[in-house]
Amino acid sequence: MKREEVKRTAMNMAFRKIMPMMSLRNRIAFYYTVATAFLIALVFTIIYFMVDHVVYRQFDEELESEITEILRDAHVINHDFIGLSRLMNVDIDDKGDEDEEHEKNEQAEVDIEFIQIVNNKGQIIRKSLNLSRNILAFEPGHSETVYSNSRFRGAPVRQVQLPLVNRNGITEGYLLVAVPLKDAINVLLDLQKVLLLSFPLIILTLFILTRSIAGRSIRPIEKVIATAEKMTQANLDQRIAMPHHHDELYRLSATINDLLDRMHEAFQREKQFTADASHELKTPLAAVKGTLEVLVRKPREREHYETKVQFCLKELNRMASLIDQLLMLARYESSRMNPKIEEIDLSQHLDDVVERMRPLADEKEISFNVEKTGKGRAAADPAMLEMILENIISNAVKYSPAGSSITIAEKHQDHLSMCSITDQGIGIPEEQLHAVFERFYRVDESRSLSTGGFGLGLSIVKKLADLQKITVSVKSAKNKGTTFELTFPSA
Amino acid sequence: MRLLIIEDEPGIAGFLKDGLEEEYFAVDIASDGRSGLDLAMTNEYDLLIIDWMVPGISGIEVCRQVRKAGSLVPVLFLTAKDTLEDVVFGLDAGANDYIKKPFAFEELLARIRVQLRDKNQGDDSLSAGDLSINPATHQVFCNVNEITLTPKEFALLEYLVRNKDRVCTRSRIIEHVWDIHFDSDTSVIDVYITFLRKKLESAGCGNMIQTIRGVGYIVREPEMR
């Protein structure tokens, strides 16, 4: 018992070790074959036993009719009792020549019944001639009719044993009738052989077939794997070839391609960002480095030194502010910033930011027009909100023509607090509106030089707004102006 | 030697112009691709320094157009793009060299000298007869006597010696030694030639510069005696 258990555990472990290493096609084929093997084994067993049953029933019927005949000869009607004496005079040999019969019996026992009558002590009282010196196997003690398989002279026979009960209910002896089974047994043996041989063959064929079918049906997966393996950062633009059928594999391929699209896009964006950031940092650095290098090559006038140093300081300040913005962006993007959202006095914050922006606006004689029609309250992180407003308003100032006005409106719409900033500036081309929140985006490269921005302000605005669940939208008409709209989440 | 710089960053264009002019180059600046290409097509420059990312036509495109027009002028890319692909792409577009920002000014000078170097000579030095010129240090020697020249005189002599045994027309001299802002009054050449001749004479290298009447000037390698 223990040993068997050990054996079973060992097999279990081997199974667990092998299964994960098996390829999918082998595993599919294996499971399928095992399941089918059970079914086929069941069907074969049923077939065998049905044939077996049919064959024996036929013999039993033959034996029964033989008994009936003998009893009829003995004048036993229906279920009358049969004493030993009743059968003493019944002819138990087949009609026809005895010798001939005998001969036949010696040669082949075809269609021959052997009949034998024994007393209750097992002593043979009578027997048919064809038994010659042999006797049929007798099992004493049975009080009912027994059908059994037995052997007679080495050959299989079907035999019935009928107890002979007299009037007093005492078993006086037995009537034994047997028919040879040879052909039937051969049929059964052949059937058994065929079934046993064909079983492993069928299973093997089935396994090979299933394996090949499974292999064929998962070939698209292998293609997917091959493509995916070839994929590196450098060739993220490769895509998996779509299968013809719109099946699960089609969906898998589509999903992977979709994922690759998004990865590629994100990767391109990151690459672009890195390139932009490096360009933005290297340009002033190159200017400062070159200017100073040229400056120290020769002794110069005092004023010359001063102007060059002033220029370098200006460039360095620009670099410093770019680095500040980049770091800010990085901090917000890492999402480690937790906004402290609270109910704030929106109109107060608007006033504060407008006051802070006024000196900048005054330089270009731009006026602010603040409209307050809302509740004046919103849910936001006050510091972050002010940074958003500062960025948008300073942008508005930057891109507005001198002498124009900027409208800042605070309102309440659809149960939500909103705030919009509208300038009368140059506007943003419609096709570029979606890109304004991208890092390093500028409406026009050449203009950025005079305005001095890096194109990071609005991406910072977007990040800050996202953190606070504030929706930012932008509308613009070329040469008419741009409107940025903040929609605050419901409190 | 006359250079064209196509660069939109005033900070960089500024020090390049200052520094290169101090190195006796005549320098023109274009702040966008379009005007840069126009200048490169209409003037004969000895070298183009092009920033890749300039407004309008990109530096790469300018370089391609210049090459398409059949010009063999050396082109030096000056850019913040620094990936391997960018460098290869730039060089394949027809550039002769590629310098990444930020760069050392001395390195830029050395690379410019490489591009201007005589194909038949291993180093930068120029000579004609007893006269030898070191473009890196701006020293001029007649045998062992050093001759002190003003930047314009040096540039003029350098141009003539670089093109020795060839006639340098007055208009070519103006184009290569003076920058675009110079009013094309070529009589200024005669003034500088006179100064140069005097200085060469006193050092023992007289008669180096010969006048081709009505055309220009020539520096000849003296016949082997």
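It should be noted that the structure appears before, not after, this text.
Residues numbered from 1 in each chain as written. Chains lettered and ligands numbered in written order. Predicted model: local features only at pLDDT ≥ 70, side-chain atom pairs only at ≥ 80, totals over all residues.

Participant: What am I meant to see in the sheet that holds strand E1 (residues 114–119) of chain A here?
Facilitator: Backbone hydrogen bonds are what pair the strands of a sheet, in a parallel or an antiparallel way. All names here are of chain A. As summarised here, the arrangement of the five strands in space is E2-E1-E5-E4-E3, forming an open sheet in which the pairing is antiparallel. What marks the edges here is a single partner per strand, and that holds for strand E2 (124–127) and strand E3 (146–152). Along the sheet, successive strands turn relative to each other by an average axial angle of 25°, direction set aside. Note that E1 and E2 share three bridges and pair antiparallel. Along E2, the bridge assignment pairs Ile117 with Arg126. Sitting on the sheet, helix H2 (residues 24–73) touches E3, strand E4 (155–165) and strand E5 (171–180), and the angle it makes with E5 is about 130°. (Pairing = 2+ DSSP bridges. Helix = DSSP H or I, 4+ residues; strand = E, 2+ residues; numbered from the N terminus. Axes fitted to C-alpha atoms, helices over the stretch in contact; angles between N-to-C directions. Contact = placed C-beta atoms within 7 Å.)

Participant: Would you mind showing me how to read the pairing of strand E9 (residues 405–413) of chain A here?
Facilitator: Note on strand geometry: in a regular strand, side chains alternate between the two faces of the sheet. Residues and elements named next belong to chain A. The pairing of strand E7 (residues 367–372) with E9 spans six bridges and is parallel. Each residue of the ladder has a partner; that of Ser367, found in E9, is Ser405. Of the strand pairs in this sheet, E9 and strand E10 (residues 416–422) are connected by seven bridges, and their pairing is antiparallel. In the sheet register, Thr407 faces E10, and the bridge partner there is Thr422.

Participant: So what exactly am I meant to see when it comes to the sheet that holds E9(A) here?
Facilitator: Residues and elements named next belong to chain A. Reading across from one edge, E7-E9-E10-E12-E11 is the order of the five strands in this open sheet, with mixed pairing throughout. Strands with a single pairing partner mark the edges of an open sheet, and in this sheet they are E7 and strand E11 (471–477). Across the sheet, the mean angle from the axis of one strand to that of its neighbour is 15°, orientation sign disregarded. Across five bridges, E10 lies against strand E12 (residues 481–487) in antiparallel orientation. Paired with Cys419 across the bridge in E12 is Leu486.

Participant: Quick question: what am I supposed to make of the environment of Arg318(A) here?
Facilitator: Residue and element names in this part refer to chain A. Structurally, the position occupied by Arg318 is in helix H7 (residues 302–333). Assessed through the 19 C-beta atoms surrounding it within 10 Å, Arg318 is described here as partly exposed. The spacing of Arg318 and Glu280 is 38 residues in sequence and 9.7 Å in space, taken between C-alpha atoms. (Buried ≥ 20, exposed ≤ 12 C-beta atoms within 10 Å, placed from the backbone.)

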